[in-house]
Amino acid sequence: MASSNRMLASADVNGQKWDRCLTDAIFKTVSGVALGFVFSALLFKRRPWPVFLGTGMGIGMAYSNCQNDLRSPYVQSQSIPITRPDRHVPT
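Residues numbered from 1 in each chain as written. Predicted model: local features only at pLDDT ≥ 70, side-chain atom pairs only at ≥ 80, totals over all residues. Heavy atoms only, no water.

A.B. asks: In this structure, what is going on with the overall build of the protein? I would like to understand it.
C.D. replies: Secondary structure summary: the protein contains two helices and zero strands in total. Per-residue burial for the protein yields a buried fraction of 18% across its 91 residues. Here the analysis covers contacts within the protein between residues at least 6 apart in sequence; of these, 62% occur between residues at least 24 apart. With an accessible surface of roughly 7900 Å², the protein has 65% of that area assigned to carbon and sulfur atoms. (Helix = DSSP H or I, 4+ residues; strand = E, 2+ residues; numbered from the N terminus. Buried < 20%, exposed > 50% of the residue type's maximum accessible area, 1.4 Å probe, protein only. Contact = heavy atoms within 4.5 Å. Areas by Shrake-Rupley, 256 points an atom, 1.4 Å probe, with all protein chains shown as cover.)

Below, the structure is given as structure tokens:
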């Protein structure tokens, strides 16, 4: 029986962050390549530079997001219950 409020080990937290980084990098790179192909075919007479530009932008955005996620000391996937010590809930 797994509890949803259990504490995560730091290795689990780092593993989840790396999983999110890799998923984000793959998604953004593929999206940049796809948009580069579309713009290359439709607007720029099949030149290769829009594909390279889209790929670079996708990798750059993924790198920036991953850097921010890995530097963040907070776990974003868990909700923190808000309690106020000065107010008591009547039972």
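A.B. asks: Before we go on, may I ask you to explain the side chain of Asp24 in this structure?
C.D. replies: Tracing the backbone through its elements, the reader meets Asp24 in helix H1 (residues 10-42). Judged by relative accessible area, which is 18%, Asp24 ranks as buried. Engagement of the side chain of Asp24 in a polar contact is seen with the side chain of Lys28, the distance being 2.6 Å. Not counting the four nearest positions on each side in its chain, Asp24 is found in contact with Ala62 and Asn65. (Polar contact = N/O pair within 3.5 Å; in protein donor to acceptor, adjacent residues only side chain to side chain.)

A.B. asks: Just to check I follow, could you spell out the UniProt feature "transmembrane region" (unreviewed entry) in the protein for this structure?
C.D. replies: Mapped onto this numbering, the UniProt entry annotates "transmembrane region" (unreviewed entry) at residues 25-44. Measuring from the first to the last C-alpha atom of residues 25-44 gives 26 Å, for a span that is 90% helix and 0% strand. (UniProt positions renumbered as here; feature names shortened; annotations may be inferred.)

A.B. asks: Would you explain the layout of surface pockets in this entry?
C.D. replies: Sizing a probe to match a water molecule and rolling it over the atoms shows the empty space that remains. Each pocket or cavity is described by its volume, and for the second largest pocket that value is around 230 Å³. In terms of lining, the second largest pocket is formed by 14 residues, of which the most central are Gly32, Leu35, Gly36, Gly54 and Met57. Elements that contribute at least two residues to the lining of the second largest pocket include exactly H1 and helix H2 (49-71). Element by element, the count of residues in the lining of the second largest pocket is highest for H2, at seven residues. In the lining of the second largest pocket, the residues fall into eight nonpolar, five polar and one charged. (1 Å grid on protein atoms, 1.4 Å probe; cavity = no way out; pocket = protein on both sides within 12 Å on 5 of 7 lines; lining within 4 Å. Points joined across faces, edges and corners; volume = space filled by probe spheres on them. Nonpolar A, V, L, I, M, F, W, Y, C, P; charged D, E, K, R; others polar.)

A.B. asks: Whenever I open this one, unusual backbone geometry confuses me. Can you help?
C.D. replies: Most peptide bonds take the trans configuration, and most residues that are not glycine carry a negative phi. Despite not being glycine, Lys45 shows a phi value in the positive range, around 50°. If you trace the backbone, Lys45 turns up in the loop between H1 and H2. Despite not being glycine, Arg46 shows a phi value in the positive range, around 60°. Within the secondary structure, Arg46 is located in the loop between H1 and H2. Since its relative accessible area comes to 70%, Arg46 is described here as exposed.

A.B. asks: In this structure, what is going on with the environment of Thr55? I would like to understand it.
C.D. replies: For Thr55, the position within the fold is in helix H2. Separated by 19 residues in sequence, Thr55 and Gly36 have C-alpha atoms that sit 7.4 Å apart. If we ignore the near neighbours within four places in the chain, the residues touching Thr55 are Thr29, Gly32 and Val33.

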